[in-house]
Amino acid sequence: MDRDQPDAFRALLHAQRVWDTDLPAFDPDTAPATPIPLFHQWFAEAVAAGQTEPHTMTLATVDDQGRPDVRTLMLHDADEQGWHFASHATSAKGRQLAARPDAALGFYWAVQGRQIRVRGRVSAAGSQESRADLHARSTGALAAALTGRQSEVLGSREELARASQAAWERAQAEPDAPVATWTRYVLRPREVEYFQGDERRRHVRLRYRREADDGWARELLWP
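To keep things clear, this report deals only with the structure shown in the data block.

Definitions and limits used
- Residues numbered from 1 in each chain as written.
- Predicted model: local features only at pLDDT ≥ 70, side-chain atom pairs only at ≥ 80, totals over all residues.
- Heavy atoms only, no water.
- Core = buried A, V, L, I, M, F, W, Y, C linked by side-chain atoms within 4.5 Å.
- Buried < 20%, exposed > 50% of the residue type's maximum accessible area, 1.4 Å probe, protein only.
- Helix = DSSP H or I, 4+ residues; strand = E, 2+ residues; numbered from the N terminus.
- Contact = heavy atoms within 4.5 Å.
- Polar contact = N/O pair within 3.5 Å; in protein donor to acceptor, adjacent residues only side chain to side chain.
- Salt bridge = Lys/Arg side-chain N within 4 Å of Asp/Glu carboxyl O.
- Phe/Tyr/Trp six-rings, centres within 6.5 Å; stacked < 30°, edge-to-face > 60°.
- 1 Å grid on protein atoms, 1.4 Å probe; cavity = no way out; pocket = protein on both sides within 12 Å on 5 of 7 lines; lining within 4 Å.
- Points joined across faces, edges and corners; volume = space filled by probe spheres on them.
- Nonpolar A, V, L, I, M, F, W, Y, C, P; charged D, E, K, R; others polar.

1. Quick word on the nonpolar core
Turning to step 1, where the next piece is worked out: By size, the foremost hydrophobic cluster in this structure holds 29 residues, and its most contacted members are Phe-39, Trp-83, Ile-116 and Tyr-194.
Turning to step 2, where the next piece is worked out: Secondary structure elements with two or more residues in this core: α2 (35-48), β1 (56-62), β4 (82-88), β5 (102-109), β6 (114-124), β7 (182-196) and β8 (204-210).
Turning to step 3, where the next piece is worked out: Ranked by the residues each element gives to this core, the list is headed by α2, at five residues.
Turning to step 4, where the next piece is worked out: The contacts of Ile-116, once residues within four sequence positions are left out, are Phe-39, Trp-42, Leu-105, Gly-106, Phe-107, Trp-109, Val-192, Glu-193 and Tyr-194.
Turning to step 5, where the next piece is worked out: Judged by nonpolar contacts, the second largest core, of 11 residues, contains Leu-142, Ala-143, Ala-177 and Trp-182.

2. Remarks on the side chain of Ser-91
Turning to step 1, where the next piece is worked out: Locating Ser-91 in the fold gives a position in the loop between β4 and α3 (92-99).
Turning to step 2, where the next piece is worked out: Residue classification places Ser-91 among the buried positions, given a relative accessible area of 0%.
Turning to step 3, where the next piece is worked out: A distance of 3.2 Å separates a polar atom in the side chain of Ser-91 from a polar atom in the side chain of Ser-87.
Turning to step 4, where the next piece is worked out: Engagement of the side chain of Ser-91 in a polar contact is seen with the backbone oxygen of His-88, the distance being 2.7 Å.
Turning to step 5, where the next piece is worked out: Those residues in contact with Ser-91 that sit more than four places away from it in its chain are Gln-150 and Ser-151.

3. Focus: the pattern of salt bridges
Two side chains with opposite charge may pair up if their charged atoms get near one another.
Turning to step 1, where the next piece is worked out: Enumeration according to the criterion identifies 19 salt bridges in this entry.
Turning to step 2, where the next piece is worked out: A salt bridge links Arg-121 to Asp-102; its shortest N-O distance comes to 3.1 Å. Placement of Arg-121 in strand β6 and of Asp-102 in strand β5 is noted, with a sequence separation of 19 residues between them.
Turning to step 3, where the next piece is worked out: A salt bridge links Asp-214 to Arg-210; the shortest N-O distance between them is 2.9 Å.
Turning to step 4, where the next piece is worked out: Here the residues in one salt-bridge network are Asp-77, Glu-129, Asp-133 and Arg-184, joined through shared partners.

4. Re the packing of aromatic side chains
Turning to step 1, where the next piece is worked out: In this structure the tally under the stated criterion is 12 aromatic pairs.
Turning to step 2, where the next piece is worked out: Ring plane angle 75° and centroid distance 5.1 Å describe the contact between Phe-26 and Trp-42, whose orientation is recorded as edge-to-face. Separated by 16 residues along the polypeptide, Phe-26 in the loop between α1 (4-15) and α2 and Trp-42 in helix α2 bring together distant segments of the chain. Neither Phe-26 nor Trp-42 differs from the other in exposure class; each is buried.
Turning to step 3, where the next piece is worked out: Seen from their ring centres, Phe-39 and Trp-109 are 5.9 Å apart, and the 45° between their planes marks the pair as tilted.

5. Quick word on the layout of surface pockets
Turning to step 1, where the next piece is worked out: For the largest pocket, the calculated volume is near 320 Å³.
Turning to step 2, where the next piece is worked out: Lining the largest pocket are 15 residues, with Ala-86, Arg-137, Ala-144, Gln-150 and Trp-182 positioned closest to its centre.
Turning to step 3, where the next piece is worked out: It is strand β2 (residues 68-74) that contributes the most residues to the lining of the largest pocket, four residues altogether.
Turning to step 4, where the next piece is worked out: Its boundaries defined by the atoms lining it, the second largest pocket holds a volume of some 230 Å³.
Turning to step 5, where the next piece is worked out: Looking at the second largest pocket, the residues that line it are Thr-147, Gly-148, Arg-149, Gln-150, Glu-152, Val-153, Leu-154, Glu-159, Leu-160 and Ala-163.
Turning to step 6, where the next piece is worked out: Broken down by element, the residue count for the lining of the second largest pocket peaks at three residues, all from helix α6 (residues 157-173).
Turning to step 7, where the next piece is worked out: Residue classes in the lining of the second largest pocket are distributed as four nonpolar, three polar and three charged.

6. Quick look at the side chain of Thr-183
Turning to step 1, where the next piece is worked out: Inspection of the secondary structure assignment puts Thr-183 in strand β7.
Turning to step 2, where the next piece is worked out: A polar contact is formed between the side chain of Thr-183 and the backbone oxygen of Thr-181, at a distance of 3.1 Å.
Turning to step 3, where the next piece is worked out: Sequence-distant contacts of Thr-183, defined by excluding residues within four places in its chain, comprise Phe-85, Ala-86, Ser-87, Ala-89, Ala-124, Ala-125 and Ser-130.

Take it as geometry only, folks, not as evidence of what the structure does.
Laid out in structure tokens, this is it:
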């Protein structure tokens, strides 16, 4: 390895800047009493600001040995039940959630210096709702679901190409094709944190915390 490569990487890394732009103000005193309306507002503002793929998020789970795992996936809905997403029940995340349903979500919208963190318990929807979730999506999404075997070891790229081609053909011929393992999940939040970055590092952090009576407490956090 080139001995200069680590130094070049560090120089490039340290040259990057964060939030060299005007960031929106956030007054937590004006925030709603529950977290979902604020999520809807911030999401709409992220879209209006030109944030790329604001509907993607990270999902953190724990495996059977207590080791954390994380990946990026797509948000399917956000309502008073919680944050919705979907995957194969047989995937790594599906197996982990079945064994240990506590999980966390993270959104990062760099254009506005905002992030949202959600922690709670995940539950799986029934087969009818899961099937409706899949068939409301694109042909490509159905083809990917039909390809299946998510997180299994792949023998070769040619094997994937054959399976994918067959899945695309079936998805186009059978737009209502069932995928038994496809599952819609919802994370019901215990805590939701809204973070607004500040160029002088006086970040605003507002946390919603679910109380015993199913109401919400709001509290500010030190940045």
